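The lines below spell out each chain.
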Amino acid sequence: MALSQKKCTSEMYAVSRCMLLFALGFAPVFAYGPWDTAWHSGHNDGRKSDSKGLDIMVLMPLNKTAPMSNIGQGIHPAVMLAIQHINETQRFSFSLTPRIYDTECDNAKGLKAFFDAIKFGPQHLMIFGGVCPSVTSIIAESIGGWNLIQLSFAATTPVLGDKKKYPNFFRTVPSDNAVNPAVVKFLQQYNWRRVGTLTQDVQRFSEVRNDLTNELEKAEIQIADTESFSNDPCINVKKLKDNDVRIIIGQFDENLAAKVFCCAYNLNMYGSKYQWIIPGWYQGNWWEQANSTNCTTKKLLAAMEGYISVDFEPLSTKQIRGISGRTPHEYEMEYNRLRKEKGLESSKFHGFAYDGIWVIAKTLTRVMEILKQRGGHRKIQDFNYTNKELGRIMLDVMNETNFLGVTGQVMFKNGERMGTIKFTQFQEGHEVKVGEYNAIADVLELINNTIRFQGLEPPKDKTITRNQRRQINLPLYSILSAITILGMFMAGAFLFFNIKNRNQKLIKMSSPYMNNLIILGGMLSYASIFLFGLDGSFVSDKVFETLCTVRTWILTVGYTTAFGAMFAKTWRVHAIFKNVKMKKKIIKDQKLLIIVGGMLLIDLCILICWQIVDPLKRTVEEYNLEADPEGRDIAIRPFLEHCENTHMTIWLGIVYAYKGLLMLFGCFLAWETRNVSIPALNDSKYIGMSVYNVGIMCIIGAAVSFLTRDQPNVQFCIVALVIIFCSTITLCLVFVPKLITLRTNPDAATQNRRFQFTQNQKKEDSKTSTSVTSVNQASTSRLEGLQTDNHRLRMRITELDKELEEVTMQLQDTPEKTPYIKQNNYQDLNNILSIRGYTEGKEGDKSILKNHHEQKPQGQWGSMDPSRTNKGPIEDINSPEHIQRRLSLQLPILHHAYLPSIGGVDASCTSPSVSPSASPRHRHMQPSYRVMMSGL
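Residues numbered from 1 in each chain as written. Predicted model: local features only at pLDDT ≥ 70, side-chain atom pairs only at ≥ 80, totals over all residues. Heavy atoms only, no water.

## What about the overall build of the chain?
Check the secondary structure of the chain and you find 31 helices and 20 strands. The buried share of the chain, reckoned over its 936 residues, is 51%. Within the chain, counting contacts between residues at least 6 apart in sequence, those at least 24 apart form 76% of the total. When the accessible surface of the chain is split by element, carbon and sulfur atoms take 55% of a total near 44200 Å². (Helix = DSSP H or I, 4+ residues; strand = E, 2+ residues; numbered from the N terminus. Buried < 20%, exposed > 50% of the residue type's maximum accessible area, 1.4 Å probe, protein only. Contact = heavy atoms within 4.5 Å. Areas by Shrake-Rupley, 256 points an atom, 1.4 Å probe, with all protein chains shown as cover.)

What follows is the structure, given as structure tokens:
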């Protein structure tokens, strides 16, 4: 007791440990197992050894009731082989004598065993062993007071790697932290830059997790989530899923591993999208022995399929002869033979125990050489626990250890073994080795074609979001573009037809300049389709933003140009034929161009303000994630490009309002001129049809386009078809009738329509005459009396129409001979024009009709053939309804025949060669009786 007290007081480092030893007692604790005889042969009292024997303290649990006691049983054959092989080499001048002490894996008993070995045993040169982490750490912290070196073959706890706290501790087995560099290397192999950890709330696993965190930070790998659990891991597993953790590094024992994988199965966190990495030191078929969950074995196997386990390599896979002269395979065969002879179970640490004995032998040999080189009479057998110099020499030699053993290259870095780490993968119910990591060379070697991932490729470290543009299909764009090109060719054909036949009566009277504008507007509308089909897949973002403005301008200007020209033509018809006072009215094409230009000016003002104040920009709209249609481990995030601005609704409202008013105005003009029956002058019916079609299609197209905003193919198809349909229908309605008429009946522009004398027509004539004259103030009986005369004079008008047509043809063929036309032809024209004087008279009573009837036929009709003047009275020819009907049909023809180039003709302007016998009444018409008709 005095000796022990002296030792403790001389070493202040171990005061607390010694006080614990005093409390425990001093009875020596020796282990007597099935292998003690071999280890203790030649020893009588357990204190003294032979002259060549060097005593080694062996600490491990041997009691079968103690935890981890099976390790000691499994390493016994390996230690015996190591001592045997050392002695066989005859390179060592000593023999090793192991002295075993049972720690029972208990802190108090382990400390007592260690103190008894110090007090009652021989002078131990080194300590070999240390299995249980808690016992090993207590002893390793105390051995510095006795200048001892401890070498462990089974203690893997990371705590012992702290060299400040355990400077004299070494181990031939890699620590649990040694797998972390290997795991980082494995993650880098598959470019996994984002992981999560799931750790059992135990110190051993927490220490590994902390060291792994440092290694991951050094490698710049993101730790997305760190979860710890005690009993139920399901909540933590779900958190990992919610944080989109796909690569999960687990630190837990096999008992909780079954619960973890059961939770993973229930949460569908397995398969091709997930990769689990767990410790590899579990017992075989651990899922069957540790399955305390409600999941069946089949479910567990499904969730476990493909996991990667990481553990140290028990024996080197390189079959190279090491320090013992044997390959790892040859050694393993000898070990298994000896183990089976003694009926012992194998231990995964037997290779590290075998190499550990060789480390001790080489260290002691090197120490003896150093002592010999330094001279003097000191020997290693003279070592005692107070010899600090010898203890320091042994520590330095241990750090220089480097040789090839059965577990690979044996060397230490800060007391830690730089070993080999193996990777295995769970495949179809069993683990298959897929690679190994050499810590010395920092190299990861994967066995070709052994690792299997459940997907087509390794899992992603997160939900890979691949942005995918919702673009217009090239075939669809090509088809619609081809249709658009055909439409433009058709418009070009109409333009060629209009220019070529511009001098034809039919085309000239329909205003060819306005027709050209209609065609130009249609072609601009067609051109906008090409721009609407271009998106980010065809052009850059900057160009796309420019297209947003360009296509809006083109479509707007094209619409206004086409329909503005149509509405201007209709307005001219309305202005002429709704002129109640029948005053001279000249409306030339220049005025119509000004009207269209005004409409375009309004468009330009709106568009310029739009561009300056709130220009259109490229915006991107993203949609919800979608699964990859090809089954890859990625998520598709569709996005769509739009042309928008801050106040898009306001600007569109302004444009729609203006275009809507323009369309309503066109509808009004078309309705007002619906009864004008000259085909060449009146497009109201076709304009009405065009406006109807365009209005319906625009409303439907706008609604469908808005509803299909997120479907660019459908939206583009709808917009393109609406533009194509509207432009094509409009051009065809305007030009196809002219084309057909010109081909089949070129003179149709100058022909009068014949009307049947029916009761409905009588009523319509009455309504029309009422809007032109004041006859509606007369009594109904007077009108009925005039109907008889009207019917008789119709035959007379027919004959005059024929002569009028002859005069028209003569004027057209020989315009330079206009002054020399026969007098009788001008008399006929004056007779027709004289009718108008009656219709515009202010007095509507019978006195006017009477004065008219009293005129002589010869004076009224001039030099007309008497046979043509004796066909009956002509009172009915001056009826108001007949006058308006005849004017609407004949006066434009007169205008076109006389002065087609200036846009009108004055009825009072007769030829200079008018016969003097002509009535002054016919030669000098009152200003109110003049009329000017303008061609369109």
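## Here's the deal with the sheet that holds strand β12 (residues 408-413)
Reading across from one edge, β11-β12-β13 is the order of the three strands in this open sheet, with antiparallel pairing throughout. Sheet topology places β11 (402-405) and β13 (416-417) at the edges, where each strand pairs with a single neighbour. Summarising the sheet, β11 and β12 pair through four bridges and their orientation is antiparallel. Bridge assignment links Gly 405 to a residue of β12, and that residue is Gly 408. Helix α14 (residues 350-374) contacts β11, β12 and β13 of the sheet and is inclined by roughly 145° relative to β11. (Pairing = 2+ DSSP bridges. Axes fitted to C-alpha atoms, helices over the stretch in contact; angles between N-to-C directions.)

## What about the packing of aromatic side chains?
Applying the stated criterion across every chain yields a total of 33 aromatic pairs. Grouped by ring-pair contacts, the aromatic residues Phe 205, Phe 261, Trp 276, Trp 281, Tyr 282, Trp 286, Trp 287, Tyr 307 and Phe 426 constitute a single cluster. One cation-aromatic arrangement involves Arg 470 over Tyr 623; the distance from NZ or CZ to the ring centre is 4.3 Å. (Phe/Tyr/Trp six-rings, centres within 6.5 Å; stacked < 30°, edge-to-face > 60°. Lys NZ or Arg CZ within 6 Å of the ring centre and 35° of its normal.)

## Here we look at the packing of helix α18 (residues 512-532) against helix α20 (residues 589-613)
For the pair α18 and α20, the least separation of the axes is 9 Å and the interaxial angle reads 25°. Our classification of the angle between α18 and α20 gives roughly parallel. Taken together, the residues of α20 that come into contact with α18 (itself represented by Tyr 513, Met 514 and Leu 517) are Asp 589, Leu 592, Leu 593 and Val 596. Considering only residue class, the contact of α18 with α20 consists of six nonpolar, no polar and one charged. (Parallel < 35°, antiparallel > 145°, perpendicular 65-115°, else oblique. Nonpolar A, V, L, I, M, F, W, Y, C, P; charged D, E, K, R; others polar.)

## What about the pattern of salt bridges?
On inspection of all chains with the given rule, the structure shows 23 salt bridges. Across the pair Lys 433 and Glu 313 runs a salt bridge, and its minimum N-O distance is 2.6 Å. Of this pair, Lys 433 sits in strand β15 (residues 430-438) while Glu 313 sits in the loop between β10 (308-312) and α13 (328-342), and the two are 120 residues apart along the sequence. Overall, the relative accessible area of 25% leaves Lys 433 in the partly exposed class. Judged by relative accessible area, which is 8%, Glu 313 ranks as buried. Asp 541 is paired through a salt bridge with Arg 618; the nearest N and O atoms lie 3.4 Å apart. (Salt bridge = Lys/Arg side-chain N within 4 Å of Asp/Glu carboxyl O.)

## Comments concerning helix α6 (residues 133-142)
The buried count for α6 comes to seven of ten residues, which makes it a mostly enclosed element. Every buried residue of α6 is accounted for by Val 135, Thr 136, Ser 137, Ile 138, Ile 139, Ala 140 and Ser 142.

## Regarding the nonpolar core
Ranked by size, the top nonpolar core spans 103 residues in total, and within it Leu 96, Phe 114, Phe 128, Phe 153, Leu 187 and Leu 364 carry the most contacts. Element by element, the count of residues in this core is highest for α14, at twelve residues. Sequence-distant contacts of Leu 187, defined by excluding residues within four places in its chain, comprise Trp 192, Val 195, Leu 216, Ile 221, Ile 247, Ile 249 and Ile 277. Judged by nonpolar contacts, the second largest core, of 53 residues, contains Leu 534, Leu 547, Leu 616 and Val 694. (Core = buried A, V, L, I, M, F, W, Y, C linked by side-chain atoms within 4.5 Å.)

## Observations regarding the confidence of the model for the chain
Here the chain averages 75 in pLDDT, and 74% of its residues register 70 or above. The model gives residues 814-875 a pLDDT under 50, and that stretch makes 105 contacts with residues more than four places away or in other chains. (pLDDT = per-residue confidence, 0-100.)

## Thoughts on the state of the cysteines
Covalently bonding the sulfur atom of one cysteine to the sulfur atom of another cysteine gives a disulfide. Scanning the entire structure with this criterion turns up four disulfides. Two residues share a disulfide in this structure: Cys 105 and Cys 132, whose sulfurs sit 1.7 Å from each other. What sets the handedness of the Cys 105 and Cys 132 disulfide is the S-S torsion sign, and at about -125° it is left-handed. Of this pair, Cys 105 sits in the loop between β2 (95-102) and α5 (107-120) while Cys 132 sits in the loop between β3 (126-129) and α6, placing them 27 residues apart in sequence. For the pair formed by Cys 105 and Cys 132, the shared burial category is buried. For Cys 262, the disulfide goes to Cys 295, at an S-S distance of 1.8 Å. Given an S-S torsion of about 70°, the disulfide between Cys 262 and Cys 295 has right-handed geometry. (Disulfide = S-S within 2.5 Å.)

## A word on the environment of Asn 255
Secondary-structure assignment places Asn 255 in helix α10 (residues 254-266). Under the relative-accessibility criterion, Asn 255 is labelled partly exposed at 48%. Separated by 27 residues in the primary sequence, Asn 255 and Tyr 282 place their C-alpha atoms 9.5 Å from one another.

## Considering unusual backbone geometry
The backbone of Glu 428 sits at a positive phi, close to 55°, despite the residue not being glycine. Here the phi dihedral of Asn 449 falls at roughly 60°; this positive angle occurs in a residue that is not glycine. In this structure, Asn 449 sits in the loop between β16 (443-446) and β17 (464-469). Overall, Asn 449 belongs to the exposed group, its relative accessible area being 79%.

## Focus on the sheet that holds β16
In spatial order, the strands read β7-β6-β8-β9-β10-β14-β15-β16; together these eight strands make up an open sheet with mixed pairing. In the strand order of this sheet, the two ends are held by β7 (222-229) and β16, each with one partner. Recorded for the sheet is a direction-independent mean angle of 25° between the axes of neighbouring strands. In this sheet, β10 lies alongside strand β9 (residues 275-279) in parallel orientation, the contact comprising three bridges.

## Overview of the environment of Gln 319
Position of Gln 319 relative to the elements: it lies in the loop between β10 and α13. The exposure class of Gln 319 is partly exposed, given its relative accessible area of 47%. Put simply, Gln 319 and Gly 408 are 89 residues apart on the chain and 9.7 Å apart in space, counted from C-alpha to C-alpha. Contacts of Gln 319, omitting those with residues within four sequence positions, involve Thr 327, Pro 328 and His 329.

## Thoughts on the side chain of Ser 316
Relative to the helices and strands, Ser 316 resides in the loop between β10 and α13. A relative accessible area of 15% means that Ser 316 is categorised as buried. A polar atom in the side chain of Ser 316 sits 3.2 Å from the backbone nitrogen of Lys 318. If near-sequence neighbours (up to four positions away) are discounted, Ser 316 is found in contact with Pro 328, Val 406, Thr 407 and Gly 408. (Polar contact = N/O pair within 3.5 Å; in protein donor to acceptor, adjacent residues only side chain to side chain.)

## Details of the pairing of β7
Across seven bridges, strand β6 (residues 194-200) lies against β7 in parallel orientation. Each bridged residue has a counterpart across the sheet, and for Thr 199 the counterpart in β7 is Ser 228. What joins β6 to β7 is helix α8 (residues 203-218), and the crossover it makes is right-handed. (Right-handed = clockwise from strand over helix to strand, strands pointing away.)

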